[in-house]
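# Chains, contacts and geometry: an overview
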Amino acid sequence: MRTFPDGEVYVRLLDEVQGEDVALVQSTYPNDKVVEFFLLQDALREMGARSLVAVIPYLGYARQDRRFKEGEAISSRALAKRIELDADRAITVDVHNERVLDYFHIPVTQVSGVGPLGAYLKGRGVEMVLAPDMNASRFARAVASVADCPWDYLEKARIDAWTVETKAKALRVQRKHVAIVDDVISTGGTIANAARVLKEQGAATVTAACIHGVFVGGATDRLAICDEVVATDTLPNPVANVTVAGPIAEALRRKP
Ligand code: R5P
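Residues numbered from 1 in each chain as written. Predicted model: local features only at pLDDT ≥ 70, side-chain atom pairs only at ≥ 80, totals over all residues. Heavy atoms only, no water.

## Quick notes on the pattern of salt bridges
- A complete count under the given rule lists ten salt bridges for this structure.
- The shortest N-O distance in the salt bridge between Arg124 and Glu228 comes to 3.0 Å. Taken together, the residues Arg124 in the loop between helix 3 (114-123) and strand 7 (128-131) and Glu228 in strand 13 (residues 228-232) connect sequence positions 104 residues apart. (Salt bridge = Lys/Arg side-chain N within 4 Å of Asp/Glu carboxyl O. Helix = DSSP H or I, 4+ residues; strand = E, 2+ residues; numbered from the N terminus.)

Below, the structure written as structure tokens:
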């Protein structure tokens, strides 16, 4: 892999793939990884791969899953169209919005990082799991079931891409080791607000945990209020301490 001075991406396959069944593992974030992914798919087909499974641990562009305003691109559909041009099958992890999967015409398997994340939090002695908003409730509930502890959720109002407000709610978190669990952390605003509420209510420690750690625009500073931040390895980052390799390998072994 190389990047030219103008930012264009170059890829070259060094291994023999003629007649092989290949799994290409690449998240579609940030944008240059999307291009890299498409170039690799093309090269694999060109070099005679017999079949190609697109393993996309973090499937980006899942927020723009429909046309909210006239003239907008349906980004997740555009991405799906290009991926399935060269792939026979896709595997992804905890997609932000399941509607996105309907845009694929190839079999797609969705696996979850909830099991490994729950096991990690259990090992860290977490006593309660909180979802920072209603949407994240399904993750929090599933993680709490693995971590074997109670769960609850907060209510959030999103003002804009950078600003969120968390409504006050009485929680039984006094002197407890609490984890806030979300599918994605981007700017960290959602988690930081929730962490503040938990600390104000007397939580002993607050761990921020997510499946996909995007961490942009000062997220690290915003998350300094947390005692620990942990993510799975769907994206590379310094806190990707929980692996989803197990569920992905299992899905690869199974027929779709
Ligand atoms: C929202 O629907 C997601 O589950 C996350 O809560 C959100 O993407 C987190 O964004 P941020 O870290 O920028 O608050």
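## Thoughts on the packing of aromatic side chains
- On inspection of all chains with the given rule, the structure shows three aromatic pairs.
- Where Phe4 meets Tyr10, the ring centres are 6.0 Å apart and the plane angle is 85°; that geometry is what we call edge-to-face.
- In this structure Tyr10 comes out as partly exposed when scored by relative accessible area, which is 29%.
- Judged by centre distance (6.2 Å) and plane angle (80°), the rings of Phe37 and Phe38 are edge-to-face.
- Judged by relative accessible area, Phe38 falls into the buried class, the value being 16%. (Phe/Tyr/Trp six-rings, centres within 6.5 Å; stacked < 30°, edge-to-face > 60°. Buried < 20%, exposed > 50% of the residue type's maximum accessible area, 1.4 Å probe, protein only.)

## Notes on the site of the ligand
- The local shell around the ligand holds 14 residues, among which Arg63, Asp182, Asp183, Thr187 and Thr190 are the closest.
- Contact between the ligand and Gly188: an oxygen atom at 2.8 Å from a main-chain N or O atom of the residue.
- Within the side chain of Thr190, one N or O atom sits 2.5 Å away from an oxygen atom of the ligand.
- For the ligand, whose unbound accessible area comes to 370 Å², protein coverage reaches 92%. (Near = heavy atom within 4 Å. Polar contact = N/O pair within 3.5 Å; in protein donor to acceptor, adjacent residues only side chain to side chain. Areas by Shrake-Rupley, 256 points an atom, 1.4 Å probe, with all protein chains shown as cover.)

## Some points on helix 4 (residues 137-147)
- For helix 4, every residue scored as buried is listed here: Ser137, Phe139, Ala140, Val143, Ala144 and Ala147. Looking straight down helix 4, one finds that the buried residues subtend no more than 155° of arc, so they occupy a single side.
- The positive-phi residue at the C-terminal boundary of helix 4 is Asp148, with phi of around 60°. (Arc of directions from axis to C-beta.)

## Considerations on the sheet that holds strand 14 (residues 240-242)
- Spatial strand order, 8-7-11-12-13-14: six strands in an open sheet with parallel pairing. The outermost strands of the open sheet, each flanked by one partner alone, are strand 8 (151-153) and strand 14. Averaged over all pairs of adjacent strands, the angle between strand axes in this sheet comes to 35°, irrespective of strand direction.
- As defined by bridge partners, strand 7 adjoins strand 11 (residues 177-185) across three bridges and the pair is classed as parallel. Bridging from a neighbouring strand, Val129 pairs with Ala179 of strand 11. (Pairing = 2+ DSSP bridges. Axes fitted to C-alpha atoms, helices over the stretch in contact; angles between N-to-C directions.)

## A few points about the pairing of strand 3 (residues 21-25)
- Side chains Val22 and Leu24 project from strand 3 onto a buried face, and the interleaved Asp21, Ala23 and Val25 project onto a face without burial.
- Sheet topology note: the strand 3/strand 4 (residues 51-56) ladder contains five bridges and is parallel. Bridge pairing links Leu24 to Ala54 in strand 4.
- As a crossover connection, the stretch from strand 3 through helix 1 (residues 31-46) into strand 4 is right-handed. (Right-handed = clockwise from strand over helix to strand, strands pointing away.)

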